[in-house]
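Here are the chains, one letter per residue:
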Amino acid sequence: MKFGVLVFPGSNCDHDTYNVIAEVAKQPVTFLWHDSADLQGVDAVLVPGGFAYGDYLRTGAIARFSPVMQSVKKFAAGGGLVLGICNGFQILTEAGLLPGALMRNAGLKYICKQVHLRTETTDSPFTRTVARGDVLKMPIGHMEGNYFCTPEELARLEAEDRIAFRYVTPGGEVTAEANPNGSLSNIAGILNEGRNVLGMMPHPDRSSEALLGSADGWKVFESMVQMLATSR
């Protein structure tokens, strides 16, 4: 299997994400430049964190028009696996691959700290190695991580079991205090209708090795590797 990591001007977690696949997952991985429409035959696309195009206009607003994203949209429409992390999540919402939007944090400040996430569904290629209700520890680092969508879209996400992760206390409780950025319904990650696209604000790439303070993020990548292995 082969993974592709997108690179935009301003990406700063592309090498972190590449390292997880190359050194932890031990799988082939390549960088995919924003100005090229060629996905080089990858089996999964990873949209990393950072500040694509300097976050001008809105986070992800310019990146959505890049040649590589036009190919990613076709790739996702065909069932290809796409994971967007932090800025990657913002880009996926701007590109219409996921519903809703990421707004400024409720406190209007950049937040960088460890948070706890509760796994809300195991019915996805990204959460198959964890159990529903499992609490994972991962870091966040963002200014615009406040997830918002319409009441109708939220009801649909709930009804279709498409909320992947919620911010919780270490004991797994959904509370206002556990919500770092004001996200609607404590949402930390969501899936598309086809369940092959995941966007999440916390960084599994920065928490896939114990040396980093938590290896819980590895479970997201491990799930993808298992899914690809069983579908070949």
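Please refer to the structure higher up on the page.
This one's a predicted model, so the numbers in the text were calculated from it and none came from an experiment.

A. Molecular detail of helix H1 (residues 14–24). Listing the buried residues of H1 in full gives Asp14, Thr17, Val20 and Ile21. The buried residues of H1 occupy an angular sector of 135° when projected down its axis, which confines them to one face. Considering only its buried residues, H1 is in contact with strand S1 (3–7), strand S2 (29–33), strand S3 (44–47), strand S4 (81–85) and helix H5 (218–231). A positive backbone phi angle near 60° is found at Lys26, which sits one or two residues after H1.

B. Seen up close, the packing of aromatic side chains. Across all of its chains, the model carries three aromatic pairs by this definition. Seen in terms of ring centroids, Phe8 and Tyr53 are 6.1 Å apart; in terms of plane orientation they differ by 55°. Their pairing is tilted. Residue Phe8 is found in the loop between S1 and H1, and its partner Tyr53 is found in the loop between S3 and helix H2 (67–77); the two are separated by 45 residues along the sequence. Relative to Phe31, the ring of Tyr18 has its centre 4.5 Å away and its plane inclined at 20°; by these criteria the two rings are stacked. Placement of the pair is Tyr18 in helix H1 and Phe31 in strand S2, with a sequence separation of 13 residues.

C. Focus on the pattern of salt bridges. The full count for this structure, using the stated rule, is eleven salt bridges. Among the charged side chains, a network of salt bridges with common partners joins Arg118, Glu120, Glu158 and Arg166.

D. Seen up close, a nonpolar patch on the surface. Taken together, the side chains of Tyr56, Leu57 and Ile62 make up a nonpolar region of the molecular surface, amounting to roughly 360 Å² of accessible area. Note on placement: Ile62 falls in the loop between S3 and H2.

E. Seen up close, the sheet that holds S4. In space, the nine strands of this open sheet follow the order S2-S1-S3-S4-S11-S10-S9-S6-S7, with mixed pairing throughout. A single partner strand is all that each edge strand has here, and the edge strands are S2 and strand S7 (135–142). Each adjacent strand pair in this sheet contributes to an overall mean axis angle of 25°, direction not counted. Where strand S6 (residues 111–119) and S7 come together, eight bridges link them in antiparallel fashion.

F. Region of interest: the pairing of strand S9 (residues 163–168). Buried residues dominate S9, accounting for six of its six residues. Pairing between S6 and S9: four bridges, direction antiparallel. In the strand pairing of S9, Arg118 is matched with Arg166.

G. Structural detail: the nonpolar core. Formed by 64 residues in total, the largest nonpolar core has its most connected members in Phe3, Met69 and Leu83. Those residues in contact with Met69, other than ones at most four positions away along the chain, are Leu6, Phe8, Ala63, Arg64, Ile91, Leu92, Ala95 and Leu97.

H. Structural context of the side chain of Ser124. With respect to the helices, strands and loops of the structure, Ser124 is situated in the loop between S6 and S7. Classification of Ser124 as buried rests on a relative accessible area of 8%. Discounting chain neighbours no more than four positions away, the residues touching Ser124 are Leu191 and Arg195.

I. Highlighting helix H4 (residues 151–159). For H4, the full list of buried residues reads Glu153, Leu154 and Leu157. Buried residues of H4 fall within an arc of 100° about the axis and therefore sit on the same side. Residues of H4 that are exposed and point over 90 degrees away from its buried face: Pro151, Glu152 and Ala159. At the exit of H4 stands Asp161, carrying a positive phi of roughly 55°.

How each quantity is defined
Residues numbered from 1 in each chain as written. Predicted model: local features only at pLDDT ≥ 70, side-chain atom pairs only at ≥ 80, totals over all residues. Heavy atoms only, no water. Buried < 20%, exposed > 50% of the residue type's maximum accessible area, 1.4 Å probe, protein only. Helix = DSSP H or I, 4+ residues; strand = E, 2+ residues; numbered from the N terminus. Arc of directions from axis to C-beta. Contact = heavy atoms within 4.5 Å. Phe/Tyr/Trp six-rings, centres within 6.5 Å; stacked < 30°, edge-to-face > 60°. Salt bridge = Lys/Arg side-chain N within 4 Å of Asp/Glu carboxyl O. Patch = residues over 30% accessible without salt bridge, like charges linked within 9 Å, V, L, I, M, F, W, Y side chains within 5 Å. Areas by Shrake-Rupley, 256 points an atom, 1.4 Å probe, with all protein chains shown as cover. Pairing = 2+ DSSP bridges. Axes fitted to C-alpha atoms, helices over the stretch in contact; angles between N-to-C directions. Core = buried A, V, L, I, M, F, W, Y, C linked by side-chain atoms within 4.5 Å.

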